[in-house]
Amino acid sequence: MGSERAERNVSQLGNGVVGILAETVNMWERRAPLTPSHCARLVLRGGRSTSGVNRIIVQPSTKRIHHDAQYEDAGCEISDDLSECGLIIGIKQPTLEMILPDRAYAFFSHTHKAQKENMPLLDKILQERVSLFDYELIVDDDGKRLIAFGKFAGRAGLIDFLHGLGRRYLSLGYSTPFLSLGQSHMYPSLAAAKAAVIAVGEEIATFGLPSGILPIIFVFTGSGNVSQGAQEIFKLLPHSFVDAEKLPEISAGKSLSPHYQSTRRAFQLYGCVITSRHMVSPKDPSKCFDKDDYYAHPEHYNPVFHERIAPYASAIVNCMYWERRFPRLLSTEQLQQLMKNGCPLVGICDITCDIGGSIEFVNKSTSIERPFFRYDPSTNLYHDDMEGNGVICLAVDILPTEFSREASQHFGDILSRFVTSLASTKGLLELPSHLRRACIAYSGKLTPLYEYIPRMRKTMIEMSPATANSLPDKKYTHLVSLSGHLFDKFLINEALDIIETAGGSFHLVKCDVGQSIDDMSYSELENPNCPRSSDGRFGSGYKVQTPVPLAYQSAQLPLRLTGTLDCHESVGADETATLDKIIDSLTSIANAHRGDPNATEISLKIGRVSERRIDDSMDKVGPKVLILGAGRVCRPAAEFLSSYRNIDINGCNDYNTDQVHVIVASLYQKDAEETIDGIKNATAAQLDVSDIGSLSNLVSQVEVVVSLLPASFHAAIARVCIELKKHLVTASYVDDSMSKLEQAAQGAGVTILCEMGLDPGIDHMLSMKMIDEAHAQKGEIKAFTSFCGGLPSPAAANNPLAYKFSWSPAGAIRAGRNPAVYKFLGEIIHVDGSKLYESAKRIRLPELPAFALEHLPNRNSLMYGDLYGISKEASTVYRSTLRYEGFSEIMAILAKIGFFDATNHPLLEETNRPTYRTFLSELLNVNDISPPNTKVNGEESRGHDDEVISRLMMLGHCKEKELAVKILKTIKFLGLHEETEIPKECTSALSVISQRMEQRMSYGHDEQDMVLLHHEVEVEYPDGRPAEKHQATLLEFGKSENGRSTTAMALTVGVPAAIGALLLLQNKVQRKGVIRPLEPEIYIPALEILEASGIKLIERVET
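Residues numbered from 1 in each chain as written. Predicted model: local features only at pLDDT ≥ 70, side-chain atom pairs only at ≥ 80, totals over all residues. Heavy atoms only, no water.

K.L.:
Account for the overall build of the chain, with residues named and values stated.
P.N.:
Looking only at helices and strands, the chain features 35 helices and 42 strands. For the chain, the residues scored as buried account for 58% of the 1103 residues in total. Restricting the contact set of the chain to residue pairs at least 6 apart, pairs at least 24 apart contribute 73%. Summed over its atoms, the accessible surface of the chain is roughly 44400 Å², and 49% of this surface lies on carbon and sulfur atoms. (Helix = DSSP H or I, 4+ residues; strand = E, 2+ residues; numbered from the N terminus. Buried < 20%, exposed > 50% of the residue type's maximum accessible area, 1.4 Å probe, protein only. Contact = heavy atoms within 4.5 Å. Areas by Shrake-Rupley, 256 points an atom, 1.4 Å probe, with all protein chains shown as cover.)

K.L.:
Describe empty space enclosed by the protein, naming the residues involved and giving the relevant values.
P.N.:
Considering all chains together, one arrives at five cavities of 30 Å³ or more under this definition. Of the volumes computed, that of the second largest cavity is approximately 100 Å³. Around the second largest cavity, the lining comprises 13 residues; the ones closest to its centre are Ala104, Phe133, Leu422, Thr425 and Tyr442. Class assignment of the residues belonging to the lining of the second largest cavity gives a composition of seven nonpolar, five polar and one charged. (1 Å grid on protein atoms, 1.4 Å probe; cavity = no way out; pocket = protein on both sides within 12 Å on 5 of 7 lines; lining within 4 Å. Points joined across faces, edges and corners; volume = space filled by probe spheres on them. Nonpolar A, V, L, I, M, F, W, Y, C, P; charged D, E, K, R; others polar.)

K.L.:
Describe the packing of helix α31 (residues 943-954) against helix α32 (residues 961-973), with residues and values.
P.N.:
In the contact formed by α31 and α32, the axes pass within 9 Å of each other and the chain directions differ by 125 degrees. Here α31 is positioned oblique relative to α32, judged by the angle of their axes. Once α31 is placed against α32, the crossing between them reads as right-handed. Between α31 and α32, the residues in contact are Asp945, Val948, Ile949, Leu952 and Met953 and Lys961, Ala964, Val965, Ile967, Leu968, Ile971 and Lys972, respectively. Grouping the constituent residues of the contact of α31 with α32 by class yields nine nonpolar, no polar and three charged. (Axes fitted to C-alpha atoms, helices over the stretch in contact; angles between N-to-C directions. Parallel < 35°, antiparallel > 145°, perpendicular 65-115°, else oblique. Left-handed = near helix turned anticlockwise from the far one by under 90°.)

K.L.:
Talk me through the sheet that holds strand β9 (residues 269-274); I want residue IDs and the actual numbers.
P.N.:
The strand order across the open sheet built from eight strands is β8-β9-β7-β12-β13-β16-β14-β15, with neighbouring strands paired in mixed fashion. Each edge of the open sheet carries a strand with a single partner, namely β8 (239-241) and β15 (381-383). Pairwise comparison of adjacent strand axes, ignoring direction, gives a mean angle of 20 degrees for this sheet. Looking at chain direction, strand β7 (residues 217-221) and strand β12 (residues 315-318) are connected through four bridges and run parallel. Counterpart to valine 219 in the pairing with β12 is isoleucine 316. Against the sheet, helix α5 (residues 150-171) contacts β7, β12, β13 (347-350), β14 (372-376) and β16 (391-394), and its axis sits at roughly 155 degrees relative to β16. (Pairing = 2+ DSSP bridges.)

K.L.:
Pulling in residues and values, what's your account of the pairing of strand β2 (residues 55-58)?
P.N.:
Of the strand pairs in this sheet, strand β1 (residues 17-20) and β2 are connected by four bridges, and their pairing is parallel. Each residue of the ladder has a partner; that of valine 18, found in β2, is isoleucine 56. Relative to strand β3 (residues 77-78), β2 runs parallel, the two sharing two bridges. When the sheet's bridge partners are listed, isoleucine 57 is paired in β3 with glutamate 77. Assessed by its sense of winding, the connection that carries the chain from β2 through helix α3 (residues 68-73) to β3 is right-handed. (Right-handed = clockwise from strand over helix to strand, strands pointing away.)

K.L.:
Report on the nonpolar core, specifying residues and quantitative values.
P.N.:
Judged by nonpolar contacts, the single largest core of 108 residues is most densely connected at Ile56, Ile89, Tyr135, Phe178, Phe218 and Val419. Element by element, the count of residues in this core is highest for α5, at nine residues. Apart from residues no more than four positions distant in its own chain, valine 419 is found in contact with Val18, Leu34, Leu42, Val53, Leu87 and Ile89. Among the nonpolar cores identified, the runner-up in size contains 73 residues, and Val1017, Ala1057, Leu1087 and Leu1090 belong to it. (Core = buried A, V, L, I, M, F, W, Y, C linked by side-chain atoms within 4.5 Å.)

K.L.:
Before we move on, could you go through the sheet that holds strand β6 (residues 131-134) and cite the residues and values that matter?
P.N.:
A sheet is described by the order of its strands in space; here eight strands give the open sequence β3-β2-β1-β4-β5-β6-β17-β18, paired in mixed fashion. Here the strands that pair on one side only, and so sit at the sheet edges, are β3 and β18 (445-446).

K.L.:
Any details on the side chain of glutamine 686? Residues and values, ideally.
P.N.:
Structurally, the position occupied by glutamine 686 is in strand β25 (residues 682-686). Judged by its relative accessible area of 9%, glutamine 686 falls in the buried class. Among the polar contacts listed, one links the side chain of glutamine 686 to the backbone oxygen of leucine 667, at a separation of 2.9 Å. (Polar contact = N/O pair within 3.5 Å; in protein donor to acceptor, adjacent residues only side chain to side chain.)

K.L.:
I'd like a rundown of the pattern of salt bridges, residues and numbers included.
P.N.:
A complete count under the given rule lists 35 salt bridges for this structure. Among the ionic pairs, arginine 64 bridges to aspartate 68, the shortest N-O distance being 3.5 Å. Here the two residues arginine 64 and aspartate 68 agree in accessibility, since each one is buried. The partner of arginine 879 in a salt bridge is aspartate 759, with the nearest N and O atoms 3.2 Å apart. Linking arginine 879 in strand β34 (residues 876-884) with aspartate 759 in the loop between β28 (751-753) and α26 (762-776), this pair joins segments that are 120 residues apart in sequence. The exposure classification of arginine 879 matches that of aspartate 759, with both residues buried. (Salt bridge = Lys/Arg side-chain N within 4 Å of Asp/Glu carboxyl O.)

K.L.:
I'd love a proper account of the packing of helix α34 (residues 1048-1065) against helix α35 (residues 1080-1092), names of residues and values included.
P.N.:
Where α34 contacts α35, the two axes come as close as 10 Å, and the packing angle between them is 125 degrees. The angle between α34 and α35 falls in the class oblique. The handedness of the crossing between α34 and α35 comes out as right-handed. Along the contact surface, α34 presents Val1055, Pro1056, Ile1059, Leu1062 and Leu1063, while α35 presents Ile1082, Pro1085, Ala1086, Ile1089 and Leu1090. Partitioning the contact of α34 with α35 into residue classes produces 10 nonpolar, no polar and no charged.

K.L.:
Residues and numbers for the confidence of the model for the chain, please.
P.N.:
Mean pLDDT over the chain: 82, with 80% of residues reaching 70 or higher. Segment residues 932-941: pLDDT under 50, and eight contacts once partners within four positions in sequence are set aside and those in other chains are kept. (pLDDT = per-residue confidence, 0-100.)

K.L.:
Lay out unusual backbone geometry in plain terms, naming residues and giving numbers.
P.N.:
With an omega of -10 degrees, the peptide bond between leucine 214 and proline 215 qualifies as cis. Here proline 215 lies in the loop between α6 (190-207) and β7. The residue after aspartate 759, namely proline 760, is reached through a cis peptide bond having omega 15 degrees. Following the sequence through the fold, proline 760 ends up in the loop between β28 and α26.

K.L.:
Tell me what's going on with the pairing of strand β5 (residues 104-107), and back it up with residues and numbers.
P.N.:
The two faces of β5 match: Ala104 and Ala106 on one face and Tyr105 and Phe107 on the other face are all buried. Where strand β4 (residues 87-89) and β5 come together, three bridges link them in parallel fashion. Directly across from isoleucine 88, in β5, lies its bridge partner tyrosine 105. Of the pairings in the sheet, the one linking β5 to β6 comprises four bridges and is parallel in character.

K.L.:
Could you give me a rundown of the packing of aromatic side chains, with the residues and numbers involved?
P.N.:
Counted according to the given criterion, the structure contains 30 aromatic pairs. Ring plane angle 75 degrees and centroid distance 5.2 Å describe the contact between tyrosine 294 and tyrosine 301, whose orientation is recorded as edge-to-face. The burial state of tyrosine 294 is the same as that of tyrosine 301; both residues are buried. Over the ring of phenylalanine 149 we find arginine 31; its NZ or CZ atom is 4.4 Å from the centre of that ring. (Phe/Tyr/Trp six-rings, centres within 6.5 Å; stacked < 30°, edge-to-face > 60°. Lys NZ or Arg CZ within 6 Å of the ring centre and 35° of its normal.)

K.L.:
Tell me what's going on with helix α20 (residues 634-643), and back it up with residues and numbers.
P.N.:
For α20, the tally of buried residues reaches eight of 10 residues, placing the bulk of the element in the interior. Buried within α20 we find Cys634, Arg635, Pro636, Ala637, Ala638, Phe640, Leu641 and Ser642. Against the buried residues of α20 lie β23 (624-628), β24 (661-666), α21 (669-676), β40 (1044-1046), α34 and α35.

K.L.:
So what about the environment of tyrosine 733? Which residues, and what values?
P.N.:
On the secondary structure map, tyrosine 733 appears in the loop between β27 (727-730) and α24 (736-739). Sequence separation of tyrosine 733 and arginine 1076 is 343 residues, and the distance between their C-alpha atoms is 8.8 Å.

What follows is the structure in structure tokens.
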């Protein structure tokens, strides 16, 4: 009997009968997934052959925006009983009693993050053999949501805020037209609400606004659907939109109309739309904001919204998505300082309702019936009224339902296209990919993409606060980090299978997931193996993805399934052999992906969990230097310091040896041990620098700290060093966070020596040596030029571009599109980023006549004139990037063809993947390029090559055939002509060529890199002596000794940093505070030691 019932229930799937639930979760929820008009079209279209829907049964509801009778008129049936329906749809989660067995359901379930409060619902779904589709997970191949209510949230949110703004101004003693505006839900339609806003606008235009609250400036964050919806309402009021740069002027009243200035009333509002470029600024002052770089490396940027935008805002309308790896838009501390300074901010309209997110003090959501709270920054207290000090905050999490009619229409327009497939399809594989991905469970079983949920739940249940970070019943533990596109590759499930099958156990330490398929969620804690300079001058940085251990809390698991994952697990076993087997298996699944185009998207990092203490017996071994980081740069620094003798600290030596003892600390013990392998007088330590207690303990045991971690960690490390009165050296630029420590460092008698690498570092020291020597001879600097580049050695420059990548080609290409500015013969020259490659010029260095080189202007050269104190006397200040000659010419043509376009290309969005040859044909605007090796009269045809050359010249990309032939050779070298399908991960021309460059232009195992730095300083003497040209050149090649390779970049960054530590140990740097190596007390001994270490500098003077 039971089997007959199951068979009868299973048969309901795909039967073409759709049920619409009555919403029960929230009293304000009046939306419907389909309106009566949608239902009519689906049912009356002619049956299953057309729409896939036979019948629609609607549960009765007395609060739904559309009455039951309207659904009946549209051909629907009204009934509480949905047992005949194969597909049942709603907006929010139904109650458990409403889940019928063997059906398909579609609604916003809020279960894919393993949210604890919704796990009973998921259990019920699995128990009743239900298939569950979640609207939030219906995304396209790029991870973009296909169905949402964004604009309606923006529209309703701003109207509600204007309503509250009227009440708030009244409490402050000002009557405004806003007071007559109601909340969005008080109007029968969106059109009626807009009419009310227009009426408010007419009153403002006629009678104006009180002078005491002027000017009123609305700041909108973001430019997506939410922001567009809010701006749509704002534009119904008399307004002017202004650029962010104009806000100080507007606030001061300088740009206001004469009518305003005479009457002291305003007849309009001001709006300002800001995006990420207004919210942050590069820590490196020589760099310009780069959106792609910011999204990839937010730690390279400082927040500036509180300095440049917030001081002038009356209202902040927050419409942007935010993740915790990015700086906050506005912190509690920043608001408190702003309000002390008289900031005119009245309210926050946080339409994102991101609690404790980008706006830190918005710490709770509000409801439609009570949409506001008041936060008083002077007391740090929250209130439910409108009267008193502080700012009002709106954070309603169900705004679209206030326009239930229009929101339902919009939602149903999209959903009705999906319902036809969901209602008539019996098998999951028959559905299109975007619906398959949205299926959390099918017939009571979790689909492969969501099999991680019960494992997450199990970990949550088993982990108590006391054992959250340990495996007490296991003798041996390792910390494992899996990073990359783990959901769509199912790697997370495979990894957990390996651990459990082998008899091991695991606990989640941290689990972060990006918002979209393109996001990589990771923390960069280890030093780049060979870092490029902060201004992007070198194309030789190595990116290392390493995690930050974080005590796992079940309520802090931010899973977004359409994104990417960085998952850290503590893995334990009773025997080392078992643990080794687990680690080997995990390594094999990571390595299995390294031969395909996704190689950079999946990585595995393994290290010990337990912290290794520095033994007390080390107290007398010698002066100690702590190096933070374990990348390639760290080893040359450690080797240099551990081999240096005769250290005398402060004139006395209380140690048993005169050698420096080096401690290399990294997040993973294994990495630190590999760094010091074979180095005497060195110890490895495990350290999480975010653990201030452990960091302080280690810093207290040494004399000097060298941080080769990313710059975002330096301020926190510097504060510990200042507190413990220990000197610090970094190779990174001085940013705002470090500059603010100047006074504290001076007060503690501590030196924070920054910019002590190659660029910045050696370039500073060489420049100042040449400039100071010229000034000492009473000379004036007339021209300063600097050329620098990280290049392959001549032997490794074996491709048409004569270049190799050791970092992301896409990043290098974007860096080559940055604008530049410099001074030449007294004229300020600006170079547009799109013309940068075309601005390249050839150069020959007398000391190196065999090198055929070219140079491109490098970002902002003018700041170096100020830094070196020559801005007033030098008519030329120019810094550039070096490449081998011909590089820029080829890159410029590739850009003209369209290979550097980062926008999605329609051809790459099709289901059938094009080949590289087909895509090349598309870019060259031809129907097809002839296949190679065809024969005409018994001879091979050159049709393919000739046609490419012809198109390059016909389109004007190449004026000469010789150049077109070069481009053809490059295209063929990169395989852009091959009849091979382009991987589906490539969605733009930029991603296509980046993928090919990464595969074919990386350094080989035995290939060397090269660093070339060349300065020229032209000096004139007022007393009539002949003018001189001072030149300095550094040329360094990568080395290979005893089977271990060291790159030139690692040497020229690591050794200067180590020299800085040495000078501090020897007490040769007297200046305290945050400093650069611009003074003789640093650069004279440093350059001498640098040459003694084997890094040669060639100097000459010409007259």
